[in-house]
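Chain and residue survey
Next come the chains, spelled out residue by residue.
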Amino acid sequence: MAEDYTYIVARLRALEAAMPERSWFERLVRTPGESLMGTLREHYHGFESTSDLAEFEKALEADKAEMLELISSLLREERTRQFIRAGYDFDNLTHAWKAARLEAKPALTRFGLVETQAIEQAATGKGGGTLPPYLEGHVQMLDATLEDKKSIAACEYAAEAAKWRFLAKVAPGEEGRSYLRCKIDSINIKNMIRLRKVRLRTEALDAIWIEGGEIDAARLGTLFRESEEELFSFLATSVRGRLISLGLGKDTPLWKVESIMRASLMELLEESRYRVFDVSPVLYHIELRERDYGIIRIAIVSRLNRLNEEAALERVNALFA
């Protein structure tokens, strides 16, 4: 059954019309700590069930889960719902599997399509066929990779690759595929920049590059071994050259790299504001909400840690670029 995107887009645009504007977020950053919770409750229902600002992630998770449930209820095609939410199922299962091997308690999100209890059971070998077909074999793949590579990091990279391969398979139309390629390129470029600046990961680095973006994964592996100048020179003439125009360079601080990547993705989806017959307005709405969640995190963390207000505003404004 084909999606009725005209109705879906109308619903989402009505929600977007009521979302807070830039000035509200700027005021949020300046709001005193004792008034912050009340201000947040104006637009984010998740904060109504918590009285402790330090538990803001639970509130944001509740708001995001509510948003994803609404979108799922509006979509008719199972493949489109999977494209929106199945990636979280892969992440949850991988995280639960890793936690089981390390004898730790997993912290799973409610963003996927599969109940977290079923995920935990499958990760510990107690699933009994409760997982959907797209997750079947995932735990076995992780077990086999661990036996072969003897590296948890290698398992995580293999799991990430499996997730993006599945999402590419169910991507709805060229709009969904274009969005996915941009996401993959952003992740690969961010990983490269972070690995150059902060060498926290040293295992299985050849497997870190995700296939499926516009930039060939093998080319990224070669660039990683070359100079920073070579990397940014390549990017300037690549399909992701807009990143350089947005300010990406060898002296860009890590916090701003994320802002530039998000700005690039939002530009890609900008045309969706004038479209009503494909999935792009849905993707735009999700990314718009993700951007706003990021801004809220900046406001709360800066207040909790008594960070400089101007520095927090700089980070907020960067996300509106």
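Now for a description of the structure that goes with this document. Just so it is clear, the model here is predicted, and its values are computed rather than measured.

Here we come to the pattern of salt bridges. Evaluated as defined, the whole model comprises 27 salt bridges. One salt bridge in this structure joins Lys 163 and Asp 91, with 3.1 Å as the shortest N-O distance. Taken together, the residues Lys 163 in helix H8 (residues 152-170) and Asp 91 in helix H5 (residues 78-101) connect sequence positions 72 residues apart. A relative accessible area of 7% means that Lys 163 is categorised as buried. Among the residues examined, Asp 91 registers a relative accessible area of 34% and is labelled partly exposed.

Another point: helix H15 (residues 309-319). If you check which residues of H15 are buried, you get Ala 312, Leu 313, Val 316, Ala 318 and Leu 319. Buried residues along H15 sit against helix H2 (22-30), helix H13 (254-270) and helix H14 (280-304). Where H15 starts, the residue carrying a side-chain oxygen 2.8 Å from the main-chain nitrogen of Glu 310 turns out to be Asn 308.

Taken as a whole, this structure holds 10 aromatic pairs when the rule is applied. Note on Phe 25 and Phe 320: the rings are 6.1 Å apart at their centroids and 45° apart in plane angle, and the pair reads as tilted. With a gap of 295 residues between them, Phe 25 in helix H2 and Phe 320 in the segment after H15 connect regions that are remote in the sequence. Neither residue differs from the other here; Phe 25 and Phe 320 are each classed as buried. Three or more aromatic residues joined by ring pairs make a cluster, and in this case those are Trp 24, Phe 25, Tyr 44, Tyr 293 and Phe 320. The ring of Phe 111 carries the charged tip of Lys 64 above its face, separated from the ring centre by 4.4 Å. Arg 219 extends its terminal NZ or CZ atom over the ring of Phe 234, reaching a point 4.9 Å from the ring centre.

Bringing the nonpolar core into the picture now. Of all hydrophobic cores here, the largest spans 75 residues; its most connected members are Leu 40, Phe 47, Phe 83, Val 282 and Ile 296. Counting 22 residues, the second largest nonpolar core, distinct from the first, contains Tyr 157, Phe 224, Leu 243 and Val 257.

The terminal C-alpha atoms of helix H1 (residues 5-17), which comprises 13 residues, lie 18 Å apart, in line with the 18 Å expected from a rise of 1.5 Å per residue. Here H1 has its buried residues at Tyr 5, Ile 8, Val 9, Leu 12 and Glu 16. The buried residues of H1 occupy one face: seen down the axis, they fall within an arc of 95°. Among the structural elements, helix H4 (56-74), H5 and H14 are those in contact with the buried residues of H1.

The axes of two packed helices give the description: the angle between them and the distance between them. Two elements in contact, H4 and H5, have axes separated by 10 Å at closest approach and are oriented at 150°. Taken together, the axes of H4 and H5 are roughly antiparallel relative to one another. The interaxial crossing formed by H4 with H5 has left-handed handedness. Mapping the contact onto sequence places Lys 64, Leu 68, Glu 69 and Ser 72 in H4 and Arg 81, Ile 84, Arg 85 and Tyr 88 in H5. Split into classes, the residues belonging to the contact of H4 with H5 amount to 3 nonpolar, 1 polar and 4 charged.

The subject of this paragraph is unusual backbone geometry. Phi at Lys 150 takes a positive value of approximately 55°, unusual for a residue other than glycine. Examined against the element boundaries, Lys 150 turns out to sit in the loop between helix H7 (138-149) and H8. Unusually for a residue other than glycine, Arg 306 sits at a positive phi of about 55°. Following the sequence through the fold, Arg 306 ends up in the loop between H14 and H15. Classification of Arg 306 as exposed rests on a relative accessible area of 78%.

Definitions and cut-offs
Residues numbered from 1 in each chain as written. Predicted model: local features only at pLDDT ≥ 70, side-chain atom pairs only at ≥ 80, totals over all residues. Heavy atoms only, no water. Salt bridge = Lys/Arg side-chain N within 4 Å of Asp/Glu carboxyl O. Helix = DSSP H or I, 4+ residues; strand = E, 2+ residues; numbered from the N terminus. Buried < 20%, exposed > 50% of the residue type's maximum accessible area, 1.4 Å probe, protein only. Contact = heavy atoms within 4.5 Å. Polar contact = N/O pair within 3.5 Å; in protein donor to acceptor, adjacent residues only side chain to side chain. Phe/Tyr/Trp six-rings, centres within 6.5 Å; stacked < 30°, edge-to-face > 60°. Lys NZ or Arg CZ within 6 Å of the ring centre and 35° of its normal. Core = buried A, V, L, I, M, F, W, Y, C linked by side-chain atoms within 4.5 Å. Expected span 1.5 Å × (residues − 1). Arc of directions from axis to C-beta. Axes fitted to C-alpha atoms, helices over the stretch in contact; angles between N-to-C directions. Parallel < 35°, antiparallel > 145°, perpendicular 65-115°, else oblique. Left-handed = near helix turned anticlockwise from the far one by under 90°. Nonpolar A, V, L, I, M, F, W, Y, C, P; charged D, E, K, R; others polar.

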